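Listed below are the residues making up each chain.
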Amino acid sequence: MHDGRQVRQKPYFREVRYRIIEDPNTALLAFKGGEIDEYELTAEQWVTQSGDDEFYQHNTKAYGTEWSYGYIGWNVTTPYFEDRRVRQAMAWALNHKEMIETICFNLYEPGRGIYHPTSWMFPKDGPEPYHQDLDKAEELLDAAGWEDSDGDGIRDKVIDGVKTDFEFTVLLPAGSETGRRILELFKANLDQIGVICNIRPTEFTVLQENARTHKFQALTMGWGTGTDPATSENLWTTEAINTGGRNYSLYSNPDVDELFVKGREEFDHNRRAEIYGRIHNILWEDQPYMWLYYRSSFFGFNKDLRGYMFSPRGPYGYAPGFFALWKPAG
């Protein structure tokens, strides 16, 4: 209400209470027992813990495709990941098939870059997902100067006159079971080609601070794509580095900078799609992130809750979103 006049749709709920339950198993039990009206399930919970009579006694579940992705981001100013060939080698090293089928229960789609293949800005000549090719990964590492010079099984390189082993640390949000399993798989894959990957679970606020201040070698997180591709600008431009944006990887490419400006100034829909498609392909080639998968929305709802709908931004990140939800009184 503004000056006594309704200017925005009113929600159907006077009050919404959030319960923060850090342990996902405890949270699921509370949801099954009817203590919670809405709960976001993990892929594993969707498959293995939400199909029995106990679950459906009070609840139901629904899912939808999201324009969001999980990734491993590289700090491209470190000596490990400043070379694009190394970042490409990382993508060839991961066993993507095992990740999707075993860890993600075949519920996520393989990553293909910043925009989802169903989005209007995904390029017509868009890339195909990576698959594991350890020979290709080793060729790229060799070409980038990372070789096992002393025969100890670990790749190394002389940096500023000092022999440096290829050993890096990736930050992981503490409590992310899916992220942990993916990184453990990645670590095992890298062991096969002489690269040491250390995994460091990190409390999320600390991880965010390290990301903002670029105090990391690699980290794993996720982003959601907005309804307009221009919203990705502060992830990838040089200006975003200088103005405190979210370009945590410190990626800088003048072609990408120029294309984001053109995309912002272009009004023709088809020409805009072409511009952002070019950005997509350049980023895929440069691999400042290793795009792991496109995630899906997995939600459980109490059977009394009505009005939920899905979009590429999930059930809440669009209109009417939350404003469509209602529940019988009493």
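Residues numbered from 1 in each chain as written. Predicted model: local features only at pLDDT ≥ 70, side-chain atom pairs only at ≥ 80, totals over all residues. Heavy atoms only, no water.

1. Examining the overall build of the protein chain
Consideration 1: Helix and strand content of the protein chain: 12 helices and nine strands.
Consideration 2: On C-alpha atoms alone, the protein chain measures out to a radius of gyration of 22 Å, which is about the 20 Å that the 2.2 N^0.38 rule sets for 330 residues.
Consideration 3: Taking contacts inside the protein chain between residues at least 6 apart in sequence as the whole, the part at least 24 apart equals 70%.
Consideration 4: With the model as given, the accessible surface of the protein chain reaches about 16900 Å², and the carbon-plus-sulfur share is 48%.
Consideration 5: In the protein chain, 35 positive and 51 negative side-chain charges are present, and the distance between their average locations comes to 8 Å. (Helix = DSSP H or I, 4+ residues; strand = E, 2+ residues; numbered from the N terminus. Rg over C-alpha atoms; globule rule 2.2 N^0.38 Å. Contact = heavy atoms within 4.5 Å. Areas by Shrake-Rupley, 256 points an atom, 1.4 Å probe, with all protein chains shown as cover. Lys, Arg positive; Asp, Glu negative; His and termini not counted. Charge placed at Lys NZ, Arg CZ, Asp CG, Glu CD.)

2. Here's the deal with the state of the cysteines
A disulfide bridge is the covalent bond that connects two cysteines by way of their sulfur atoms.
Consideration 1: Inspection of the entire model under this criterion finds zero disulfides.
Consideration 2: Not part of a disulfide, cysteine 104 finds its nearest cysteine sulfur in cysteine 197, a span of 17 Å. (Disulfide = S-S within 2.5 Å.)

3. Digging into the side chain of serine 296
Consideration 1: Examined against the element boundaries, serine 296 turns out to sit in strand β9 (residues 289–302).
Consideration 2: One polar contact links the side chain of serine 296 to the main-chain carbonyl oxygen of leucine 107, over a distance of 3.4 Å.
Consideration 3: Those residues in contact with serine 296, other than ones at most four positions away along the chain, are Gly64, Thr65, Glu66, Leu107 and Tyr108. (Polar contact = N/O pair within 3.5 Å; in protein donor to acceptor, adjacent residues only side chain to side chain.)

4. Remarks on the packing of aromatic side chains
Consideration 1: Scanning the entire structure with this criterion turns up 37 aromatic pairs.
Consideration 2: Centre to centre, the rings of tryptophan 92 and tyrosine 130 are 4.7 Å apart; their planes meet at 80 degrees, and the pair counts as edge-to-face. Of this pair, tryptophan 92 sits in helix α4 (residues 84–93) while tyrosine 130 sits in the loop between β3 (109–110) and α6 (134–143), and the two are 38 residues apart along the sequence.
Consideration 3: Classification of tryptophan 92 as buried rests on a relative accessible area of 18%.
Consideration 4: Owing to a relative accessible area of 14%, tyrosine 130 belongs among the buried residues under this scheme.
Consideration 5: The interplanar angle of 35 degrees and the centroid separation of 5.3 Å between the aromatic rings of tyrosine 130 and tryptophan 284 together place this pair among those described as tilted. With tyrosine 130 in the loop between β3 and α6 and tryptophan 284 in helix α12 (residues 269–286), the pair connects residues that are 154 residues apart, well separated along the chain.
Consideration 6: Residue class for tryptophan 284 comes out buried when judged on its relative accessible area of 10%.
Consideration 7: A network of ring pairs unites the aromatic residues Tyr69, Tyr71, Trp92, Tyr130, Trp236, Tyr251, Trp284, Tyr289 and Trp291 as a single cluster.
Consideration 8: Across from the ring centre of tryptophan 46, 4.3 Å away, lies the NZ or CZ of lysine 61, which sits over that ring. (Phe/Tyr/Trp six-rings, centres within 6.5 Å; stacked < 30°, edge-to-face > 60°. Buried < 20%, exposed > 50% of the residue type's maximum accessible area, 1.4 Å probe, protein only. Lys NZ or Arg CZ within 6 Å of the ring centre and 35° of its normal.)

5. Concerning the side chain of serine 232
Consideration 1: Tracing the backbone shows serine 232 in the loop between β8 (218–224) and α9 (233–236).
Consideration 2: Filtering out sequence-adjacent residues up to four positions away, serine 232 remains in contact with Tyr115 and Phe260.

6. Quick word on helix α5 (residues 96–103)
In an α-helix, one full turn covers 3.6 residues, which means residues spaced three or four apart are oriented alike.
Consideration 1: For α5, every residue scored as buried is listed here: His96, Met99, Ile100 and Ile103. In a view along the axis of α5, the buried residues occupy a sector of 115 degrees, so they form one face of it.
Consideration 2: Where α5 is buried, its residues touch α4, β3, α7 (177–191) and β9.
Consideration 3: Phi for phenylalanine 105, located one or two positions after α5, is positive at around 55 degrees. (Arc of directions from axis to C-beta.)

7. Re unusual backbone geometry
Excluding glycine, residues mostly have negative phi values, and the peptide bonds linking residues are mostly trans.
Consideration 1: Here the bond from alanine 319 into proline 320 is cis, since omega is 5 degrees, no more than 30 degrees from zero.
Consideration 2: By the element assignment, proline 320 lies in the segment after β9.
Consideration 3: We note that aspartate 3 has phi near 55 degrees; this positive angle belongs to a residue other than glycine.
Consideration 4: Within the secondary structure layout, aspartate 3 lies in the segment before α1 (24–32).
Consideration 5: Of note, the phi angle at aspartate 160 is positive, near 55 degrees, even though the residue is not glycine.
Consideration 6: Looking at the element boundaries, aspartate 160 is found in the loop between β4 (156–159) and β5 (162–165).

8. Some points on the pairing of strand β6 (residues 167–173)
Consideration 1: Among the seven residues of β6, six are classified as buried, and the element is accordingly described as predominantly covered.
Consideration 2: Across seven bridges, the pairing between β6 and strand β7 (residues 196–202) is parallel. By the bridge assignment, threonine 169 is partnered in β7 with asparagine 198.
Consideration 3: Tracing the backbone out of β6, into α7 and back to the parallel element β7 gives a crossover that is right-handed. (Pairing = 2+ DSSP bridges. Right-handed = clockwise from strand over helix to strand, strands pointing away.)

9. Let's talk about α7
Consideration 1: The terminal C-alpha atoms of α7, which comprises 15 residues, lie 21 Å apart, in line with the 21 Å expected from a rise of 1.5 Å per residue.
Consideration 2: Among the residues of α7, the N-terminal cap falls to serine 176, whose side-chain oxygen and the backbone nitrogen of glycine 179 are separated by 3.1 Å. (Expected span 1.5 Å × (residues − 1).)

10. Some thoughts on the nonpolar core
Consideration 1: Of all hydrophobic cores here, the largest spans 79 residues; its most connected members are Tyr69, Phe166, Phe168 and Trp236.
Consideration 2: Counting residues per element, this core draws most heavily on β9, which supplies seven residues.
Consideration 3: Among residues more than four places away in sequence, those in contact with phenylalanine 166 are Tyr80, Phe81, Val86, Met90, Leu141, Trp146, Ile154, Arg155, Asp156, Val195 and Ile196.
Consideration 4: Phe299, Phe301, Leu305 and Leu325 belong to the second largest nonpolar core, which has five residues in total. (Core = buried A, V, L, I, M, F, W, Y, C linked by side-chain atoms within 4.5 Å.)

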